[in-house]
Amino acid sequence: MTIPPYLRQLITLINPTLHIGGLAVTESTIKFLLIKDDQTMVTASLRLPPGIIANGAVQDPKSLRAGLRQLHAQIAPAGTSAHVVLSLPPAAVYTQSFSVPVVDETKLAQSAELNMQMISPIAFENSYHGWQKIGEQNGGTQVDFLGAFAEHARVDAFIAALAESGFPVVAVEFPALGLARLVRQARPELLPEEPYLAVDVSADGIAFMAIKNLNLYFSHFHPWRSIQEELNVKQLTNDTFKQFLVREAQKVTAFYASRWGGQIKTAVLITAGGKKEIAGELERALSLSVRELSIKDFAQLDPAWFPALGSALRGLVPRARDAFISLTNDPLQVQY
């Protein structure tokens, strides 16, 4: 049955589509991005003074709320709601993939949940956790899942500040999940049958991700301060940065080969600066073919906006079909 245009308009008036943006929080910035019905974008950003957010947690709730209200004033009238998919600071989230034998579909969720309890890096009862299916192994006899964990207190602090500032949260994720969504959007340039090393160099640190089947299988974030501490240097030089970059990229590619088999031959680079130098180092030291992540429909967008864009793309998915990880206890369909 085809619904006549006049009836579609009436349905829209009675039950309007909920517009959901992506809101990405780091220790230094908050970025909001909404994709409108005509595919144009609404963007707004705010720089955060040091100390409001640190180590992936809210340290100064009052200042955070004040900043969020300033951000809200850029995009919507006072008293209105701007619904968002929240992308937490990367340091707030732990991720781990795992596999379970194929079982009846009704028991698959139970099996995944039991595995989540066993692999949780933090007290399970004090965490928000979620999982999503990412692939299969061994001829379809095993199912691969990605699991994610975040402490209740950390997530609740962000959600409370956002709710009080006019940003109801419909789902909670993390930057690597949104970036993997963008890698999936980059087809046909990036192929599902090839594994990729994704390297995200941002103002807050470096994230290394292993992507298989165009899904996120592994991610690890290194803040700049922890890199300096690890290398025992007061300031990163070009040489020390390159050494760290190559060493960690080697670790991820070796881990991928030992865990899932096969060789990563291509790196996907996400950075606003130093592209040629970083790409050249990965090509020279690891013999990787390096591609810059570029999203055709959003080619003008600076890579610093990619986590917000990834979450905004999730906002376009109907709530009933959103099967991605969300680090809350509320069903996705009722969080607005």
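Conventions adopted
- Residues numbered from 1 in each chain as written.
- Predicted model: local features only at pLDDT ≥ 70, side-chain atom pairs only at ≥ 80, totals over all residues.
- Heavy atoms only, no water.
- Buried < 20%, exposed > 50% of the residue type's maximum accessible area, 1.4 Å probe, protein only.
- Helix = DSSP H or I, 4+ residues; strand = E, 2+ residues; numbered from the N terminus.
- Phe/Tyr/Trp six-rings, centres within 6.5 Å; stacked < 30°, edge-to-face > 60°.
- Lys NZ or Arg CZ within 6 Å of the ring centre and 35° of its normal.
- Polar contact = N/O pair within 3.5 Å; in protein donor to acceptor, adjacent residues only side chain to side chain.
- Contact = heavy atoms within 4.5 Å.
- Pairing = 2+ DSSP bridges.
- Axes fitted to C-alpha atoms, helices over the stretch in contact; angles between N-to-C directions.
- Core = buried A, V, L, I, M, F, W, Y, C linked by side-chain atoms within 4.5 Å.
- Salt bridge = Lys/Arg side-chain N within 4 Å of Asp/Glu carboxyl O.

Chemist: Hey, could you run me through helix H5 (residues 175–185) in this one?
Modeler: Spacing of three or four residues puts side chains on the same side of an α-helix, whose turn is 3.6 residues. Within H5, nine of the 11 residues are buried, leaving the element largely enclosed by the surrounding structure. Taken together, the buried positions of H5 are occupied by Pro175, Ala176, Leu177, Gly178, Leu179, Ala180, Arg181, Leu182 and Val183.

Chemist: What exactly am I supposed to notice about the packing of aromatic side chains here?
Modeler: How two aromatic rings sit relative to each other is set out by the distance from centre to centre and by the angle between their planes. According to the stated counting rule, one finds eight aromatic pairs in the structure shown. Seen from their ring centres, Phe255 and Trp260 are 5.6 Å apart, and the 85° between their planes marks the pair as edge-to-face. Residue Trp260 is classed as buried on the basis of its relative accessible area of 10%. Among the aromatic residues, those joined into a cluster by ring pairs are Tyr217, Phe218, Phe255, Tyr256 and Trp260. For the cation-ring pair, Lys31 lies above Trp305, with the distance from its terminal atom to the ring centre recorded as 5.5 Å. Here the basic side chain of Arg181 rests over the ring of Phe324, its NZ or CZ set 4.3 Å away from the ring centre.

Chemist: Even after reading the chapter, I still don't get the side chain of Thr26, so can you show me in this structure?
Modeler: Within the secondary structure layout, Thr26 lies in the loop between strand S1 (20–25) and strand S2 (29–35). By relative accessible area, Thr26 is classed as buried at 19%. A polar contact of 3.1 Å, which involves the side chain of Thr26, links it to the backbone nitrogen of Ser28. Setting aside residues up to four positions removed in sequence, Thr26 forms contacts with Leu48, Ile53, Pro89 and Asp204.

Chemist: Any chance you could explain the sheet that holds strand S9 (residues 142–151) here in plain terms?
Modeler: In a beta sheet, neighbouring strands pair by backbone hydrogen bonds and run either parallel or antiparallel. Taking strand neighbours across the sheet as the criterion, the three strands line up as S7-S9-S8 in an open arrangement whose pairing is antiparallel. For this open sheet the edge positions go to strand S7 (94–101) and strand S8 (127–137), each flanked by a neighbour on one side alone. Between one strand axis and the next, the sheet turns through 25° on average, direction left out of account. As judged from the 10 bridges shared by S8 and S9, these two strands associate in the antiparallel manner. Counterpart to Ser127 in the pairing with S9 is Glu151.

Chemist: What am I meant to see in the side chain of Gln137 here?
Modeler: With respect to the secondary-structure elements, Gln137 resides in strand S8. On the basis of relative accessible area, Gln137 is assigned to the buried category, the value being 15%. Side chain to side chain, Gln137 and Ser99 meet in a polar contact 3.1 Å long. Within the local environment of Gln137, its side chain forms a polar contact with the side chain of Asp144, the two groups lying 2.7 Å apart. In this view, Gln137 contacts Ser99, Gln142, Asp144, Lys212, Arg259 and Trp260; residues no more than four positions away in its chain are not counted.

Chemist: Quick question: what am I supposed to make of the nonpolar core here?
Modeler: Most often, soluble globular proteins have nonpolar side chains that are buried together. Judged by nonpolar contacts, the single largest core of 91 residues is most densely connected at Leu23, Phe174, Leu293 and Leu327. Of all the elements, helix H7 (residues 238–260) adds the most residues to this core, at eight residues. Apart from the residues within four sequence positions on either side, Phe174 is in contact with Ser87, Leu88, Val93, Thr95, Leu146, Ala148, Leu216, Ile325 and Leu327. Among the nonpolar cores identified, the runner-up in size contains 11 residues, and Val100, Leu108, Phe145 and Phe149 belong to it.

Chemist: Please clarify how the pattern of salt bridges should be interpreted in this entry.
Modeler: Any two side chains of opposite charge can pair, given that their charged atoms come close. Applying the stated rule across the entire model yields 14 salt bridges. With its nearest N and O atoms 3.3 Å apart, the salt bridge here joins Arg65 to Glu164. Remark: Glu164 occurs in helix H4 (residues 152–164) and Arg65 occurs in helix H2 (residues 61–75); sequence separation between them is 99 residues. Between Glu292 and Lys275 there is a salt bridge, with the nearest N and O atoms lying 2.8 Å from each other. Of this pair, Glu292 sits in strand S15 (residues 289–292) while Lys275 sits in helix H8 (residues 275–286); the two residues are 17 residues apart in sequence, bridging distant segments of the chain. One salt-bridge network, in which partners are shared between bridges, spans Glu173, Arg181, Arg314, Arg319 and Asp322.

Chemist: In this structure, what is going on with the pairing of strand S12 (residues 205–212)? I would like to understand it.
Modeler: Residues in a regular strand point their side chains to alternate faces of the sheet. In terms of burial, S12 is a largely internal element, eight of the eight residues being buried. Where burial is concerned, the two faces of S12 agree: the one with Gly205, Ala207, Met209 and Ile211 and the one with Ile206, Phe208, Ala210 and Lys212 are both buried. Bridging between strand S11 (residues 196–201) and S12 involves six bridges; their strand directions are antiparallel. Bridge pairing links Ala198 to Met209 in S12. The hairpin turn running from S11 into S12, its antiparallel successor, is three residues long. In this structure, S12 lies alongside strand S13 (residues 215–223), joined through eight bridges in antiparallel fashion. Among the inter-strand pairings, Ala210 is bridged to a residue of S13, identified as Phe218.

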